Amino acid sequence: MDTVKIRGLKIDARHGVRESEKVNAQPFIFDIDIGCDFYGGFEKDDLGGTVNYSAVCERVAQITLESSFNLIETLAYTCAYAILDGFAAHCVTLTVWKPKAPVKREFESVGVTVTVKRTVAYLSLGSSMGDKKKYLDDGLELLSRTAGIKVKKVSSYLETEPYGGVAKNGFLNCAAEIETYLTPQRLLKEIHRVENACGRVRKERWGDRTLDIDIIFFGGEIIRESDLIIPHPEYRKRDFVLIPLKEIAPGFVCPDCGVAVKYL
């Protein structure tokens, strides 16, 4: 991956917890690494084939000057997300330095660094109540309108029998390929928000529900946390997951078993 580097971008602005910091401007200095593919720019010697660092500087300056955040952490994430939203970047590492921070000890500067990157993830969606197609359509629409998520592909809708011995109704299922720069935990949080917006009530495991969304894969990551396991632990047992996935991602290699989806 190629990298566009910006060093020492200085912007006088008003960010900080103290009231005086919101009134009196002080310097904020940005170091930015933008992972991208500028081989096309090299081949044609054309700015259109790379990330325009001047435009990046102007976007960061606009955010820094027009907003007022308590934390430079918030400033850093907001700028990094804006770069991914506005430019053909795969990942961004951005550091914000605050050399005039209100620290009593002698120091050169304080700062924070954030790294955000695009990841392709695969979701399984299902509904077994009410207008099932509408719930799936609405869920996909809400996901597509969520900052940091782009819905790239959606499989055909598949009618399936209930799974797990609790639900009584048949399901309508599909799979979706998304591109996201959210972390897995933040993606899960947004998924729960979408489910709740579609009337999801969590009473019993595997029961009937208006909308259920599971993260099946998150790039090549393997995650084992108390509230999030990726790849989804049940995916190889579920035809209603595998059949739609084979339609939209037959060549994706499952990170836990090393086998392409089309062979499962």
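That block above? That's the structure.
Everything numeric here is computed off the predicted structure, so don't read it as measured data. (Residues numbered from 1 in each chain as written. Predicted model: local features only at pLDDT ≥ 70, side-chain atom pairs only at ≥ 80, totals over all residues. Heavy atoms only, no water.)

Moving on to the layout of surface pockets. What the second largest pocket holds in volume is close to 160 Å³. Along the walls of the second largest pocket sit Y77, Y81, T115, V116, K117, T119, Y181, L182, T183, P184, F218 and E221, which together make up its complete lining. Those elements giving two or more residues to the lining of the second largest pocket turn out to be α4 (72-86) and β4 (110-117). Tallied by class, residues from the lining of the second largest pocket come to seven nonpolar, three polar and two charged. (1 Å grid on protein atoms, 1.4 Å probe; cavity = no way out; pocket = protein on both sides within 12 Å on 5 of 7 lines; lining within 4 Å. Points joined across faces, edges and corners; volume = space filled by probe spheres on them. Helix = DSSP H or I, 4+ residues; strand = E, 2+ residues; numbered from the N terminus. Nonpolar A, V, L, I, M, F, W, Y, C, P; charged D, E, K, R; others polar.)

For the rest of this paragraph, the subject is helix α5 (residues 132-144). With 13 residues, α5 extends 18 Å between its outermost C-alpha atoms, agreeing within 8% with the 18 Å of an ideal straight helix rising 1.5 Å per residue. Listing the buried residues of α5 in full gives L136, G139, L140, L142 and L143. The buried residues of α5 occupy one face: seen down the axis, they fall within an arc of 160°. Buried residues along α5 sit in contact with β5 (119-127), β6 (149-154), β8 (171-180), α6 (184-197) and β9 (212-218). (Expected span 1.5 Å × (residues − 1). Buried < 20%, exposed > 50% of the residue type's maximum accessible area, 1.4 Å probe, protein only. Arc of directions from axis to C-beta. Contact = heavy atoms within 4.5 Å.)

Right, let's get into the environment of A197. With respect to the secondary-structure elements, A197 resides in helix α6. By relative accessible area, A197 is classed as exposed at 55%. In this structure the C-alpha to C-alpha distance between A197 and K152, which are 45 residues apart in sequence, comes to 22 Å.

Take the pairing of β9 next. For β9, the buried fraction is high: seven of the seven residues fall into the buried class. When β5 meets β9, the two strands line up antiparallel, connected through six bridges. Bridging from a neighbouring strand, L125 pairs with I213 of β9. (Pairing = 2+ DSSP bridges.)

For T95, the location among the structural elements is in strand β3 (residues 91-98). Side chain to side chain, T95 and T113 meet in a polar contact 2.6 Å long. In this structure T95 touches I29, F30, D31, V112 and T113, once residues within four positions along its chain are discounted. (Polar contact = N/O pair within 3.5 Å; in protein donor to acceptor, adjacent residues only side chain to side chain.)

Right, let's talk about the nonpolar core for a bit. Judged by nonpolar contacts, the single largest core of 60 residues is most densely connected at F30, I32 and L94. A per-element tally of this core places α4 first, with nine residues. What L94 contacts, discounting residues up to four positions off in sequence, is F30, D31, I32, A76, C79, A80, I83, V112, T113 and V114. Counting 14 residues, the second largest nonpolar core, distinct from the first, contains I216, L242, I248 and A249. (Core = buried A, V, L, I, M, F, W, Y, C linked by side-chain atoms within 4.5 Å.)

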